[in-house]
Amino acid sequence: MWRCRLVYLLLIGFGVFFYIAFIGYFSYYFLLVILVLPIVSFIYLLLTWKFLKLEFVVDDKKVRQNELVSIFVKRDKFGLGAIKFKIDNKKYLLRGNQDKFDISFKHCSGKILIIKDYYQYDSLNLFCLKKRCYYQIPITIYPKKIDFDFSIYQHLLPKDGEEVYAINQKGDDPTEIYDIHKYREGDLLKNIHWKLSAKYDDVLVKDNALSVSEIINIHCDFDEDDDHNDLVFSYLEVFCTKLLENKYKFLLSNKEITSIKEYEDQFKHLLWNKDYYPDVTKHNYEFIISYYGIKRIEGGHR
């Protein structure tokens, strides 16, 4: 580092002046120590270079978009100087007494920070050697928190004791009609809809409805724009959290979510992959989350 080298040059100049101005053994040995010390420091760096290794540990708090997060660096106790490395084309310098650096991320996602090499300085920070390595630092960046009024969506959610019927599959509940079709051979006479048959002068038969559980199905609309995806994740996080707080179960990426742990695992998976495969079966309570916001999909159609 140029400051340490400048200080050392000034120290050499002082040593030479002291040697010339004050003739004697003390000034001689003083200058000799100044000249020999960097050599000893460099030799020590060479001897320990082979055994050097680093360990990177992310602060265990939840990392959020645009917030500083600390990454701790554990080094071998060899008494060496600073280290210099680069992450995402940004250079970092940790002096001998520093054990962490701060970093922030513009977009939420799953990300692996890679360090392919670093420079290790000697104890005096005058010389450095490049050491090749391959360190991977996996880190999950969660979206920034947003204000959210859950009450405006509550009237769109299933209610306790509400009878819910499938919108794409008939069943055997005679109290609810799923569809009407013309009479076909094999249809039961008890399913004939006599009033409609008389009205349209044709034999019409009722398809009974299928009673189903109240399932909320959430679709995520990701695209190639990271700013858009950040908003999708922000809406998704707060919406899912509110659903669980209000004891709603739901489907997210084809997985039924019944607890905070299941939700966190699935949400983390989406942050890393951004892949979403919607359930091919349509449900009565479907929501699509895009960067425009949260919208109920009426009748199973977008």
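Residues numbered from 1 in each chain as written. Predicted model: local features only at pLDDT ≥ 70, side-chain atom pairs only at ≥ 80, totals over all residues. Heavy atoms only, no water.

Where an unreviewed UniProt entry is consulted, the protein appears under the name DUF58 domain-containing protein, with the organism given as Thomasclavelia cocleata.

**Let's talk about the pattern of salt bridges**
For the structure shown, the criterion picks out five salt bridges. With its nearest N and O atoms 3.8 Å apart, the salt bridge here joins D117 to K130. Here D117 is found in strand β7 (residues 109–121), whereas its partner K130 is found in strand β8 (residues 128–142), with 13 residues between them in sequence. For D117, a relative accessible area of 23% corresponds to the partly exposed category. A relative accessible area of 36% means that K130 is categorised as partly exposed. A salt bridge links K261 to D265; its shortest N-O distance comes to 2.7 Å. Here K261 and its partner D265 are both found in helix α6 (residues 260–273), four residues apart, which amounts to about one turn of the helix. In this structure D265 comes out as partly exposed when scored by relative accessible area, which is 41%. (Salt bridge = Lys/Arg side-chain N within 4 Å of Asp/Glu carboxyl O. Helix = DSSP H or I, 4+ residues; strand = E, 2+ residues; numbered from the N terminus. Buried < 20%, exposed > 50% of the residue type's maximum accessible area, 1.4 Å probe, protein only.)

**Re the packing of aromatic side chains**
Across all of its chains, the model carries 26 aromatic pairs by this definition. Pairing F26 with F30 gives two aromatic rings, centres 6.4 Å apart and planes at 25°, and the pair type is stacked. Of the two residues, F26 and F30 both sit in helix α2 (residues 25–49), four residues apart, roughly one turn of that helix. A relative accessible area of 28% means that F30 is categorised as partly exposed. With a centroid separation of 4.8 Å and an interplanar angle of 45°, the aromatic rings of Y92 and F101 are classed as tilted. Here the two residues Y92 and F101 agree in accessibility, since each one is buried. Here a set of aromatic residues connected by ring pairs shows up, and it is made of F14, F18, F22, F26 and F30. (Phe/Tyr/Trp six-rings, centres within 6.5 Å; stacked < 30°, edge-to-face > 60°.)

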